[in-house]
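# Descriptive structure summary
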There are 2 protein chains.
Amino acid sequence: MKAYIDVTLKESILDPQGAAVKEGLIKLGYDVEGVRIGKHIEVELMDMEINEAEKLIREMCEKLLINPVIETYTFRLEV
Amino acid sequence: MKAYIDVTLKESILDPQGAAVKEGLIKLGYDVEGVRIGKHIEVELMDMEINEAEKLIREMCEKLLINPVIETYTFRLEV
(Lines give C-alpha, C1' and ligand atoms only; values in the text may rest on other atoms or scores of the structure.)
Protein backbone atom coordinates (compact mmCIF):
# COMPACT_ATOMS: atom_id res chain seq x y z
CA MET A 1 0.00 0.00 0.00
CA LYS A 2 1.34 3.37 -0.96
CA ALA A 3 0.53 6.92 0.11
CA TYR A 4 1.17 9.88 -2.19
CA ILE A 5 1.43 13.07 -0.16
CA ASP A 6 1.65 16.57 -1.62
CA VAL A 7 2.98 19.20 0.75
CA THR A 8 2.43 22.82 -0.25
CA LEU A 9 3.17 26.15 1.35
CA LYS A 10 0.07 27.89 2.69
CA GLU A 11 -1.29 30.60 0.38
CA SER A 12 -0.13 33.37 2.71
CA ILE A 13 3.49 32.18 2.74
CA LEU A 14 5.95 33.63 0.21
CA ASP A 15 7.52 31.06 -2.10
CA PRO A 16 10.82 32.45 -3.46
CA GLN A 17 11.68 29.17 -5.21
CA GLY A 18 8.36 29.24 -7.03
CA ALA A 19 8.87 32.90 -7.94
CA ALA A 20 12.31 32.09 -9.39
CA VAL A 21 10.91 29.23 -11.46
CA LYS A 22 8.09 31.49 -12.68
CA GLU A 23 10.68 34.04 -13.84
CA GLY A 24 12.64 31.28 -15.56
CA LEU A 25 9.56 30.07 -17.42
CA ILE A 26 8.65 33.61 -18.47
CA LYS A 27 12.20 34.13 -19.77
CA LEU A 28 11.79 30.96 -21.83
CA GLY A 29 8.68 32.53 -23.37
CA TYR A 30 5.95 30.78 -21.37
CA ASP A 31 3.00 32.84 -20.24
CA VAL A 32 2.56 31.53 -16.70
CA GLU A 33 0.60 33.36 -14.02
CA GLY A 34 2.10 31.70 -10.99
CA VAL A 35 4.26 28.85 -9.77
CA ARG A 36 4.29 27.29 -6.31
CA ILE A 37 6.73 24.59 -5.30
CA GLY A 38 6.21 22.03 -2.61
CA LYS A 39 7.19 18.48 -1.78
CA HIS A 40 5.87 15.21 -3.10
CA ILE A 41 6.34 12.33 -0.65
CA GLU A 42 5.65 8.67 -1.37
CA VAL A 43 5.39 6.40 1.66
CA GLU A 44 5.21 2.65 1.30
CA LEU A 45 3.18 1.03 4.06
CA MET A 46 2.24 -2.48 5.10
CA ASP A 47 -1.18 -3.44 3.75
CA MET A 48 -3.93 -2.41 6.16
CA GLU A 49 -7.46 -1.04 6.29
CA ILE A 50 -7.87 2.23 4.38
CA ASN A 51 -9.23 4.01 7.48
CA GLU A 52 -6.26 2.94 9.52
CA ALA A 53 -3.81 3.98 6.79
CA GLU A 54 -5.44 7.42 6.50
CA LYS A 55 -5.11 7.90 10.24
CA LEU A 56 -1.45 6.84 10.17
CA ILE A 57 -0.56 9.12 7.26
CA ARG A 58 -2.22 12.10 8.96
CA GLU A 59 -0.21 11.36 12.10
CA MET A 60 3.06 11.06 10.17
CA CYS A 61 2.38 14.34 8.40
CA GLU A 62 1.61 16.17 11.60
CA LYS A 63 4.49 14.68 13.59
CA LEU A 64 7.29 14.71 11.03
CA LEU A 65 6.55 15.37 7.39
CA ILE A 66 5.09 18.85 7.40
CA ASN A 67 5.53 22.10 9.25
CA PRO A 68 1.92 22.99 10.17
CA VAL A 69 2.78 26.66 10.67
CA ILE A 70 3.62 27.25 7.02
CA GLU A 71 2.59 24.11 5.14
CA THR A 72 -0.52 22.17 4.33
CA TYR A 73 -0.93 18.74 2.72
CA THR A 74 -3.20 16.45 0.75
CA PHE A 75 -2.77 12.75 0.13
CA ARG A 76 -4.20 9.76 -1.65
CA LEU A 77 -3.75 6.05 -0.97
CA GLU A 78 -3.22 3.33 -3.53
CA VAL A 79 -3.77 -0.29 -2.48
CA MET B 1 -6.20 26.62 -15.50
CA LYS B 2 -3.78 24.89 -13.19
CA ALA B 3 -1.25 22.10 -13.65
CA TYR B 4 -0.19 19.89 -10.75
CA ILE B 5 3.16 18.28 -11.50
CA ASP B 6 4.82 15.60 -9.37
CA VAL B 7 8.53 15.19 -9.95
CA THR B 8 10.11 12.03 -8.58
CA LEU B 9 13.58 10.54 -8.70
CA LYS B 10 13.85 7.57 -11.03
CA GLU B 11 13.70 4.19 -9.26
CA SER B 12 17.40 3.55 -9.85
CA ILE B 13 18.50 6.82 -8.23
CA LEU B 14 19.38 6.84 -4.53
CA ASP B 15 17.23 9.15 -2.41
CA PRO B 16 19.13 10.04 0.80
CA GLN B 17 16.46 12.53 1.91
CA GLY B 18 13.81 9.83 1.60
CA ALA B 19 16.03 7.37 3.48
CA ALA B 20 16.49 9.89 6.31
CA VAL B 21 12.74 10.48 6.57
CA LYS B 22 12.14 6.72 6.57
CA GLU B 23 14.55 6.37 9.52
CA GLY B 24 12.79 9.23 11.28
CA LEU B 25 9.39 7.60 10.85
CA ILE B 26 10.73 4.24 12.05
CA LYS B 27 12.21 5.93 15.14
CA LEU B 28 8.77 7.40 15.84
CA GLY B 29 7.39 3.85 15.78
CA TYR B 30 5.88 3.75 12.29
CA ASP B 31 6.33 0.59 10.28
CA VAL B 32 7.14 2.05 6.85
CA GLU B 33 8.79 0.10 4.06
CA GLY B 34 10.11 2.99 2.03
CA VAL B 35 9.96 6.74 1.53
CA ARG B 36 10.80 8.67 -1.64
CA ILE B 37 10.81 12.45 -1.76
CA GLY B 38 10.29 14.56 -4.83
CA LYS B 39 8.87 17.92 -5.82
CA HIS B 40 5.29 19.03 -6.23
CA ILE B 41 4.94 21.96 -8.63
CA GLU B 42 1.76 23.92 -9.28
CA VAL B 43 1.75 26.07 -12.42
CA GLU B 44 -1.05 28.52 -13.11
CA LEU B 45 -1.68 28.96 -16.83
CA MET B 46 -3.95 31.06 -19.01
CA ASP B 47 -7.09 29.16 -19.99
CA MET B 48 -6.51 27.16 -23.17
CA GLU B 49 -7.35 23.86 -24.85
CA ILE B 50 -6.43 20.83 -22.76
CA ASN B 51 -4.25 19.40 -25.55
CA GLU B 52 -2.33 22.63 -25.86
CA ALA B 53 -1.87 22.87 -22.10
CA GLU B 54 -0.57 19.28 -21.93
CA LYS B 55 1.96 20.04 -24.65
CA LEU B 56 3.10 23.22 -22.88
CA ILE B 57 3.49 21.51 -19.51
CA ARG B 58 5.55 18.70 -21.07
CA GLU B 59 7.80 21.28 -22.70
CA MET B 60 8.22 23.23 -19.46
CA CYS B 61 9.11 20.03 -17.61
CA GLU B 62 11.67 18.99 -20.18
CA LYS B 63 13.23 22.43 -20.57
CA LEU B 64 13.32 23.66 -16.99
CA LEU B 65 11.40 21.84 -14.30
CA ILE B 66 12.97 18.41 -14.27
CA ASN B 67 16.35 16.84 -14.77
CA PRO B 68 15.57 14.04 -17.23
CA VAL B 69 18.72 12.12 -16.31
CA ILE B 70 17.59 11.41 -12.78
CA GLU B 71 13.96 12.50 -12.54
CA THR B 72 10.62 11.60 -14.01
CA TYR B 73 7.25 13.38 -13.75
CA THR B 74 3.51 13.02 -13.92
CA PHE B 75 0.94 15.80 -14.06
CA ARG B 76 -2.76 16.53 -14.10
CA LEU B 77 -4.62 19.60 -15.28
CA GLU B 78 -7.53 21.29 -13.58
CA VAL B 79 -9.68 23.71 -15.59
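Residues numbered from 1 in each chain as written. Chains lettered and ligands numbered in written order. Predicted model: local features only at pLDDT ≥ 70, side-chain atom pairs only at ≥ 80, totals over all residues. Heavy atoms only, no water.

Assigned secondary structure in chain A consists of two helices and three strands. When its helices and strands are written in sequence order, chain A yields β-α-β-α-β. Across its three principal axes, chain A shows a C-alpha extent of roughly 50 × 25 × 15 Å. Buried positions account for 41% of the 79 residues belonging to chain A. Long-range pairs, those at least 24 residues apart, make up 67% of the contacts in chain A with a sequence separation of at least 6. For chain A, the computed accessible surface area is about 4600 Å², with 52% contributed by carbon and sulfur atoms. Positive and negative side-chain charges of chain A, numbering 10 and 16 respectively, have mean locations separated by a distance of 5 Å. (Helix = DSSP H or I, 4+ residues; strand = E, 2+ residues; numbered from the N terminus. Buried < 20%, exposed > 50% of the residue type's maximum accessible area, 1.4 Å probe, protein only. Contact = heavy atoms within 4.5 Å. Areas by Shrake-Rupley, 256 points an atom, 1.4 Å probe, with all protein chains shown as cover. Lys, Arg positive; Asp, Glu negative; His and termini not counted. Charge placed at Lys NZ, Arg CZ, Asp CG, Glu CD.)

To continue, consider the relation of the copies chain A and chain B. Here chain A sits on chain B after a turn of 180° about the axis and a move of 0.0 Å along it, with an RMSD of 0.0 Å. What the rotation and shift describe, once combined, is the action of a two-fold rotation axis. A symmetric contact is evident, with 100% of the interface residues of chain A recurring at the interface of chain B. (Least-squares fit on C-alpha atoms with pLDDT ≥ 70 in both.)

In a regular helix each residue adds 1.5 Å, so 16 residues correspond to 22 Å; helix α2 (residues 50–65) of chain A covers only 20 Å between its end C-alpha atoms and thus falls short of that length. Among all positions in α2 of chain A, only Ala-53, Ile-57, Met-60, Cys-61 and Leu-65 of chain A are buried. Axial view of α2 of chain A: buried residues confined to an arc of 100°, hence all on one face. Within α2 of chain A, the exposed residues directed more than 90 degrees away from the buried face are Asn-51, Lys-55 and Lys-63 of chain A. In this fold, the buried residues of α2 of chain A make contact with β1 (2–9), β2 (32–45) and β3 (71–78) of chain A together with α1 (16–27) and β2 (32–45) of chain B. (Expected span 1.5 Å × (residues − 1). Arc of directions from axis to C-beta.)

Another point: the side chain of Glu-71 of chain A. All names here are of chain A. With respect to the helices and strands, the residue Glu-71 is situated in strand β3. Within the buried set, Glu-71 has no salt-bridge partner at all; the shortest N-O distance to an opposite charge, 4.1 Å, is to Lys-39. The residues contacting Glu-71, other than those within four sequence positions of it, are Val-7, Thr-8, Leu-9, Lys-10, Lys-39, Leu-65 and Ile-66. (Salt bridge = Lys/Arg side-chain N within 4 Å of Asp/Glu carboxyl O.)

The accessible area lost on association of the parts is a frequent measure of interface size. Listed per partner, the contact involves 29 residues of chain A and 29 residues of chain B. Between chain A and chain B, a total of about 2700 Å² is buried, with carbon and sulfur atoms accounting for 64% of that surface. For the interface between chain A and chain B, the tally reads 14 residue pairs in polar contact (both at pLDDT 80 or more). Elements with a contribution of two residues or more to the side of chain A that touches chain B: β1, α1 (16–27), β2 and α2 of chain A. Examining the composition of the side of chain A that touches chain B, we find that 14 residues originate from one element, β2 of chain A, more than from any other. Residues that form the side of chain A that touches chain B fall into these classes: 15 nonpolar, five polar and nine charged. (Buried area = accessible area lost by both parts, 1.4 Å probe. Polar contact = N/O pair within 3.5 Å; in protein donor to acceptor, adjacent residues only side chain to side chain. Nonpolar A, V, L, I, M, F, W, Y, C, P; charged D, E, K, R; others polar.)

A few words now on the packing of aromatic side chains. All names here are of chain A. Applying the stated criterion across every chain, the model contains two aromatic pairs over all chains. An angle of 15° between the planes, with centres 6.4 Å apart, marks the rings of Tyr-73 and Phe-75 as stacked. Overall, the relative accessible area of 17% leaves Tyr-73 in the buried class. Judged by relative accessible area, Phe-75 falls into the partly exposed class, the value being 23%. The residue whose ring lies beneath Arg-76 is Tyr-4, and the NZ or CZ to ring-centre distance is 4.2 Å. (Phe/Tyr/Trp six-rings, centres within 6.5 Å; stacked < 30°, edge-to-face > 60°. Lys NZ or Arg CZ within 6 Å of the ring centre and 35° of its normal.)

Packed helices, taken two at a time, are described by the angle between their axes plus the distance between the axes. Here α2 of chain A crosses α1 of chain B at 110°, and the two axes come no closer than 11 Å. As summarised for this structure, α2 of chain A and α1 of chain B are arranged roughly perpendicular, according to the angle between their axes. Of the residues in α1 of chain B, those touching α2 of chain A at Met-60, Leu-64 and Leu-65 of chain A are Val-21, Gly-24 and Leu-25 of chain B. (Axes fitted to C-alpha atoms, helices over the stretch in contact; angles between N-to-C directions. Parallel < 35°, antiparallel > 145°, perpendicular 65-115°, else oblique.)

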